[in-house]
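Listed here are the chains, written in short residue letters.
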Amino acid sequence: MDEKETLKAEIKRLNGRATQLKMDLHDLAEDLPIGWENIPDVATQAHSAYQDLIAARARLAALNGD
């Protein structure tokens, strides 16, 4: 598998993780005030996941010459 294909697979995995964490935050918001203490942890994980996803997309764009 070449570098672009590997990166595309990583982006797919990262996108799934980020989407799941986004939904976890949504679920926490719907259930408030139950689970309020988990918001900072899930928000930090979501922030990190989206940061990783954006960085991977930028790497792919650089490989594509965009």
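Procedures and definitions
Residues numbered from 1 in each chain as written. Predicted model: local features only at pLDDT ≥ 70, side-chain atom pairs only at ≥ 80, totals over all residues. Heavy atoms only, no water. Helix = DSSP H or I, 4+ residues; strand = E, 2+ residues; numbered from the N terminus. Expected span 1.5 Å × (residues − 1). Buried < 20%, exposed > 50% of the residue type's maximum accessible area, 1.4 Å probe, protein only. Contact = heavy atoms within 4.5 Å. Core = buried A, V, L, I, M, F, W, Y, C linked by side-chain atoms within 4.5 Å. Axes fitted to C-alpha atoms, helices over the stretch in contact; angles between N-to-C directions. Parallel < 35°, antiparallel > 145°, perpendicular 65-115°, else oblique. Left-handed = near helix turned anticlockwise from the far one by under 90°. Salt bridge = Lys/Arg side-chain N within 4 Å of Asp/Glu carboxyl O.

Asker: I would appreciate a short explanation of helix α1 (residues 3-30) in the present structure.
Answerer: Side chains three or four residues apart in an α-helix point the same way, a direct result of the helix having 3.6 residues per turn. In this model α1 runs 40 Å from its N-terminal to its C-terminal C-alpha over 28 residues, within 8% of the 40 Å that 1.5 Å per residue would give. Buried residues of α1: Leu 7, Ile 11, Leu 14, Ala 18, Leu 21 and Leu 28, and no others. Against the buried residues of α1 lie α2 (39-64).

Asker: In this structure, what is going on with the environment of Ile 39? I would like to understand it.
Answerer: One can find Ile 39 in helix α2. Sequence spacing of Ile 39 and Asp 24 is 15 residues, and the spatial spacing of their C-alpha atoms is 9.3 Å. If sequence neighbours within four positions are ignored, Ile 39 has contacts with Leu 25, Leu 28 and Leu 32.

Asker: Quick question: what am I supposed to make of the nonpolar core here?
Answerer: Within soluble globular proteins, side chains that are nonpolar generally end up buried alongside one another. By size, the foremost hydrophobic cluster in this structure holds 12 residues: Leu 7, Ile 11, Leu 14, Ala 18, Leu 21, Leu 28, Val 42, Ala 46, Ala 49, Leu 53, Ala 56 and Leu 60. Elements that contribute at least two residues to this core include exactly α1 and α2. Not counting residues up to four positions away in its chain, the partners in contact with Leu 28 are Ile 34, Gly 35, Asn 38, Ile 39 and Val 42.

Asker: I would appreciate a short explanation of the environment of Ala 55 in the present structure.
Answerer: Mapped onto the fold, Ala 55 is located in helix α2. For the pair Ala 55 and Ile 11, spaced 44 residues apart in sequence, the C-alpha to C-alpha distance is 9.4 Å.

Asker: Explain the packing of α1 against α2 here, please?
Answerer: The angle between the axes and the distance between the axes are what describe a pair of packed helices. As a packed pair, α1 and α2 sit with axes 8 Å apart at the nearest point and diverge in direction by 155 degrees. In terms of their interaxial angle, α1 and α2 are classed as roughly antiparallel. The crossing of α1 and α2 is left-handed.

Asker: I keep staring at unusual backbone geometry and nothing clicks. Help me out?
Answerer: Peptide bonds are, in most cases, trans, and in most cases residues other than glycine have a negative phi. The omega torsion across Leu 32 and Pro 33 is 10 degrees, close enough to zero to call that bond cis. As for its position among the elements, Pro 33 is in the loop between α1 and α2.

Asker: Help me understand the pattern of salt bridges, please; the structure alone is not making it clear to me.
Answerer: Pairing is possible between side chains of opposite charge, provided their charged atoms come close. One pass over the structure, following the stated rule, counts 2 salt bridges. The partner of Arg 59 in a salt bridge is Glu 10, and the shortest N-O contact between them spans 3.3 Å. On the criterion of sequence distance, the pair formed by Arg 59 in helix α2 and Glu 10 in helix α1 is long-range, its members being 49 residues apart. Residue Arg 59 is classed as partly exposed on the basis of its relative accessible area, which comes to 40%.

Remember that the coordinates give geometry; whether it matters functionally is a separate question.
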